[in-house]
Amino acid sequence: MKNIYSELERGSKILKENFINSYWLDSELLLSKALNKKREYLFLNSKETISDNSIDKFQNLINRRKNNEPVAYILNYKEFWRNNFYVNKNVLIPRPDTEILVEQVIKLYSREQKLSILDIGTGSGCIIISILKERQKFNGTAIDISKKALNIAKYNAKIHHLNNRIKFYKSSVDNFFKHKYDLIISNPPYISSLKLKYLEKDILGFEPIQALEGGMNGFNIISKIIKQSFLLLKKGGKLVLEIGFDQKFEMLKLLKRYGFFVNKTVKDYGGRDRCLICTKL
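Every chain is numbered independently, its residues counted from 1 as its sequence is written. Owing to the predicted nature of the model, reporting of local features is limited to residues with pLDDT of at least 70; listing and counting of side-chain atom pairs is limited to 80 or more, with chain, interface and lining totals taken over all residues. Only hydrogens and water are set aside when side-chain values are computed; all heavy atoms of the structure are taken into account.

J.: Just to check I follow, could you spell out the packing of aromatic side chains for this structure?
T.: Ring pairs (aromatic) are described by centroid distance and by the angle formed between their planes. By convention, a stacked pair of Phe, Tyr or Trp rings (six-membered ring in the case of Trp) has centres within 6.5 Å and planes under 30 degrees apart, an edge-to-face pair has planes over 60 apart, and any other such pair is tilted. The full count for this structure, using the stated rule, is six aromatic pairs. Taking 6.0 Å as the distance between ring centres and 55 degrees as the angle between the ring planes, the aromatic pair formed by Tyr5 and Trp24 counts as tilted. Pair noted here: Tyr5 is in helix H1 (residues 4–17) and Trp24 is in helix H2 (residues 23–35), with a separation of 19 residues, a long-range link. Judged by centre distance (5.5 Å) and plane angle (80 degrees), the ring pair of Tyr86 and Tyr155 falls under edge-to-face. In this pair, Tyr86 sits in strand E2 (residues 83–86) while Tyr155 sits in helix H8 (residues 147–159), placing the two residues 69 residues apart along the sequence. Look at NZ for Lys and CZ for Arg. If either is within 6 Å of the ring centre and within 35 degrees of the ring normal, a charge sits over the ring. Looking at Arg272, its charged tip hangs above the ring of Phe245, at a distance of 5.7 Å from the centre. Where helices and strands are cited, they refer to DSSP runs of H or I of at least four residues and of E of at least two residues respectively, numbered from the N terminus.

Below you can see the structure in the form of structure tokens.
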């Protein structure tokens, strides 16, 4: 008889043979989905027999993963900061390094401050939603050029009970002129066109290219965001940006050119430059 443990072994063996590094963890996550149970259930009931229907579901999920489809898209969620967010192939999968933006913002502002905040290129909405959950007196605006991404961000705002505190607009940054903001956040596309081909298969083959590619030098979108942020921010307002690990010095020149003072550079969990905090002079 096929039980939970034997199926985990079978699934992880298939993934390992297809060069999926996190083969055992992924097998656990996918079997949890197939059985509609939490991962802990697998540990506590490893000898439990599985129905043929559940085995078929699990096999289908394993086949998707062995072809490099990201686990987050198969599960339709990704954990970010302290919450789960709905994701699919229309939005970038939230990364742990991007949590640094949330962390820095909540260090900058107290719970009592009232702020208007703009998220440029919101994607799944994970950054602005995470911040608004931490700071009850903030109000948010989020823009994205993708209608499908905005629909996902709106859905995430709804499931986190924040749809009354975030306004969503389908717009590129250079065509957005609504209001003045205390804070602008963005995790923009910053990978140069030449470096795209070196990305891992589960990124390049599945995640939306427009959320990754920043033009030939990687600065096409970032420079527009910096230029427009100067117009959209109140005097003394802050811009918090995620950047590529090798872009710091070019970014410092850009920010200075457009009238920003750089308060600090924050490193990611790998010790690489990842986030810039700036003030409009």
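J.: When you look at the sheet that holds strand E9 (residues 273–280) in this model, what are you seeing that I'm missing?
T.: By way of backbone hydrogen bonds, the strands of a sheet pair with one another, either parallel or antiparallel. Strands are treated as partners if at least two bridges between them are detected by DSSP. With mixed pairing, the seven strands of this open sheet are ordered in space as E5-E4-E3-E6-E7-E9-E8. A single partner strand is all that each edge strand has here, and the edge strands are strand E5 (166–170) and strand E8 (260–267). Neighbour-to-neighbour, the strand axes of the sheet open up by a mean angle of 15 degrees, direction not taken into account. Note on method: axes are straight lines fitted to C-alpha atoms, helices fitted across the in-contact stretch only, with angles between N-to-C directions ranging 0 to 180 degrees.

J.: Looking at this structure, I do not really get the nonpolar core. What am I missing?
T.: Core analysis: the biggest nonpolar cluster contains 31 residues, and Ile166 and Ile185 have the highest contact counts within it. Going through the elements one at a time, helix H6 (99–108), strand E3 (115–120), helix H7 (126–134), strand E4 (138–144), H8, E5, strand E6 (181–186) and E9 are the ones with two or more residues in this core. In what follows, residue pairs with any heavy atoms lying within 4.5 Å of each other are defined as contacts. Each residue touching Ile166, except ones within four places of it in the same chain, is listed here: Ile128, Ile129, Leu132, Gly140, Thr141, Ala142 and Ala157. The criterion is simple. A nonpolar core is a set of buried Ala, Val, Leu, Ile, Met, Phe, Trp, Tyr and Cys residues joined through side-chain atoms within 4.5 Å. Exposed residues in this analysis have more than 50% of their type's maximum accessible area, buried residues have under 20%, and partly exposed residues fall in between, with area computed by a 1.4 Å probe over protein chains only. With 27 residues, the next largest nonpolar core counts Ile120, Ile143, Leu212 and Leu254 among its residues.

J.: Got a minute to help me understand unusual backbone geometry in this structure?
T.: With the exception of glycine, the majority of residues adopt a negative phi angle, and the majority of peptide bonds are in the trans configuration. Even without being a glycine, Asn36 presents a positive backbone phi close to 55 degrees. Residue placement: Asn36 occurs in the loop between H2 and helix H3 (39–44). Positive phi values are uncommon outside glycine, yet His179 reaches one of about 60 degrees. Relative to the helices and strands, His179 is located in the loop between E5 and E6.

J.: Whenever I open this one, the side chain of Arg274 confuses me. Can you help?
T.: One can find Arg274 in strand E9. Taking the relative accessible area as the measure of exposure, Arg274 reaches 7% and is therefore buried. Under this definition, polar contacts are N or O atom pairs within 3.5 Å; protein pairs additionally need one hydrogen-donor-capable and one acceptor-capable atom, and for neighbouring residues in sequence, both atoms have to be side-chain atoms. Of the polar contacts made by the side chain of Arg274, one reaches the side chain of Tyr190; its length is 3.1 Å. Leaving out residues up to four positions away in the same chain, Arg274 has contacts with Asp97, Tyr190, Leu241, Glu242, Ile243, Gly244, Phe245, Val266, Lys267 and Asp268.

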